Amino acid sequence: MPTSLPPDAPVLVLATPGDTAGVAEEIAAVVRVDNPQIEVRLASVTNLADSLPTGRDAVIVPLLTWDDPVVLAEIGKAVAAAGTGAVVTEALGPHPLLAEALHIRLAERGLARVDRVRLLNVSSPVDAVILATVGGERAVHAVQATAVLLASRLTLPVVSASLDSEPGVAMAAQRLRAAGAERLAIAPCLIGHEAPADIVAQAAAAISAGHAEPLGSHSAVAELVARAYGSQLAT
């Protein structure tokens, strides 16, 4: 990301599938603080057309951890309705930074080792991790690459599962325990606005597992947003 940009540089528009208040607003605030040279706007997908600048380029970054076709289609409709040439980036994941943030969220709840240098000398708090998402089977397949990245960091089995459909968390837990993994944890591959706030806690309670918090406004999320914008400037 350049340290300075011309006055007519594209506007960075964060598109959230949920409410602009709460976590989306927090992420936008972090992006602004870390990148004061960028003009940052925040809009819900339903009001995106009204938030796009006129007579100026824009880069739209969806606040998603995977390329949800339903949300991306709505964004495409908004761009067409606004009649602009705004560019839409891909979702924030999969990416090693996303796996790092998931690792940190697990460690914050005592569900993962923080020190990767001493991995061979420190026992793990859990035997396996379920990377949970929403959006059905398509979402489960889409976050599989993130599951592989997280497994590499944790040196533990990580499987992806859905919180709102099959293949669900309960099925994943059953398979892992059948393979000998008794102590489980759920790592939500969610920013936080994609599902009801209690959906992760309920899923964890149902399988007697621990759980991390959603990614929220973790600094890695803001960095991925800035990188998505910067990659478009480079092209």
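Residues numbered from 1 in each chain as written. Predicted model: local features only at pLDDT ≥ 70, side-chain atom pairs only at ≥ 80, totals over all residues. Heavy atoms only, no water.

- The name given to the protein chain in an unreviewed UniProt entry is Sirohydrochlorin chelatase, and the organism recorded there is Nonomuraea helvata.

## Here's the deal with the pairing of strand E1 (residues 11-16)
Here is step 1 of the chain: Taking burial as the measure, the six residues of E1 include six buried ones, the bulk of the element.
Here is step 2 of the chain: Residue alternation in E1 divides its side chains into two sets, Val-11, Val-13 and Ala-15 and Leu-12, Leu-14 and Thr-16, and both sets are buried.
Here is step 3 of the chain: When E1 meets strand E3 (residues 58-62), the two strands line up parallel, connected through five bridges. Bridged to Ala-15 within E3 is Pro-62.
Here is step 4 of the chain: With five bridges connecting them, E1 and strand E2 (residues 40-44) associate as parallel partners. Paired with Thr-16 across the strands is Ser-44, a residue of E2.
Here is step 5 of the chain: For the handedness criterion, the β-α-β arrangement of E1, helix H1 (residues 23-34) and E2 is classed as right-handed. (Buried < 20%, exposed > 50% of the residue type's maximum accessible area, 1.4 Å probe, protein only. Helix = DSSP H or I, 4+ residues; strand = E, 2+ residues; numbered from the N terminus. Pairing = 2+ DSSP bridges. Right-handed = clockwise from strand over helix to strand, strands pointing away.)

## So, the nonpolar core
Here is step 1 of the chain: Leu-106, Leu-131 and Leu-150 are the most contacted members of the largest nonpolar core, which has 46 residues in total.
Here is step 2 of the chain: When residues of this core are traced back to their parent elements, those giving at least two are E1, H1, E3, helix H4 (96-108), strand E5 (128-133), helix H6 (144-154), strand E7 (184-188) and helix H9 (219-234).
Here is step 3 of the chain: A per-element tally of this core places H9 first, with seven residues.
Here is step 4 of the chain: With 21 residues, the next largest nonpolar core counts Val-134, Ala-173, Ala-195 and Ala-204 among its residues. (Core = buried A, V, L, I, M, F, W, Y, C linked by side-chain atoms within 4.5 Å.)

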